[in-house]
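Chain residues, written in single-letter form:
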Amino acid sequence: MARPASHLFDLIEGAEHYPAFLPWCAGATILVRDDSVVSADISIRFKGVGFEIRTRNPKRRPEFMAIHLERGPFRRFYGEWQLKVLAEDACKVNFLLDYEFDSVVMTRMAGPVFDKIADKLVDAFVQRAVDVPPPVLAPTAAPQAPAEAPRAPDADWPPP
């Protein structure tokens, strides 16, 4: 990916923006965000299937975020984003998602939909990183040399 890892990480971590670019996301609310974790409620609605999940995600910006389910229709759910810095403006993205719905009915109804969502997730974030360029940091001004103190008159100044 020809974008900084920090930029892609911020997009992944910014669940409140998911409804703007993930067609299956009907809503997202951040519950907690600090340097070590982000927790969110996410509403999933796609092709007539809908459900809610709550995740609590430990993170190490900009290279890692785990996805732990706190609430939702799953027996097993674990995800992991790994971003490897390749250069200042490039990174490699890996995504792992392992899940099993908690009922046969949910597996039949939501399984195919959720499989499609999971398959397209990395592509959606890569496209978002292309559509929303990283913020441009303002160049820092070079420190200015202190103004030269006025010179005291010398006996031999001005020169003859």
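What comes next concerns the included structure. (Residues numbered from 1 in each chain as written. Predicted model: local features only at pLDDT ≥ 70, side-chain atom pairs only at ≥ 80, totals over all residues. Heavy atoms only, no water.)

**Observations concerning the packing of aromatic side chains**
Each aromatic ring pair is characterised by the separation of its centres together with the angle its planes make.
Right, so step 1: Overall, the coordinates contain 16 aromatic pairs when judged by the stated rule.
Right, so step 2: Ring centres 6.0 Å apart and planes at 85 degrees place the aromatic pair phenylalanine 74 and tyrosine 99 in the edge-to-face group. Residue phenylalanine 74 is located in strand S5 (residues 74–87), and its partner tyrosine 99 is located in strand S6 (residues 90–101); the two are separated by 25 residues in the primary sequence. With respect to class, phenylalanine 74 is no different from tyrosine 99; both count as buried.
Right, so step 3: Seen in terms of ring centroids, phenylalanine 74 and phenylalanine 101 are 4.5 Å apart; in terms of plane orientation they differ by 25 degrees. Their pairing is stacked. One end of the pair, phenylalanine 74, is in strand S5; the other, phenylalanine 101, is in strand S6, with 27 residues separating them in the sequence.
Right, so step 4: Look at phenylalanine 74 and you get buried, because its relative accessible area is 7%.
Right, so step 5: Every member of this aromatic cluster is reached through a ring pair, and the members are Phe51, Phe74, Phe77, Tyr99, Phe101 and Phe114. (Phe/Tyr/Trp six-rings, centres within 6.5 Å; stacked < 30°, edge-to-face > 60°. Helix = DSSP H or I, 4+ residues; strand = E, 2+ residues; numbered from the N terminus. Buried < 20%, exposed > 50% of the residue type's maximum accessible area, 1.4 Å probe, protein only.)

**Concerning the pattern of salt bridges**
Right, so step 1: Tallying each qualifying case throughout the model produces 11 salt bridges.
Right, so step 2: Across the pair arginine 33 and glutamate 13 runs a salt bridge whose closest N-O atoms are separated by 2.8 Å. Taken as a pair, arginine 33 in strand S1 (residues 25–33) and glutamate 13 in helix H1 (residues 5–13) lie far apart in primary sequence, 20 residues in all.
Right, so step 3: Glutamate 13 is the salt-bridge partner of lysine 59, the closest N and O atoms lying 2.6 Å from each other. Here glutamate 13 lies in helix H1 and lysine 59 lies in strand S3 (residues 49–60), a separation of 46 residues in the sequence. An identical accessibility class is assigned to lysine 59 and glutamate 13; each is buried.
Right, so step 4: What emerges from the salt-bridge pattern is a single network uniting Glu13, Glu16, Arg33 and Lys59. (Salt bridge = Lys/Arg side-chain N within 4 Å of Asp/Glu carboxyl O.)

Nothing here speaks to function; it is geometry throughout.
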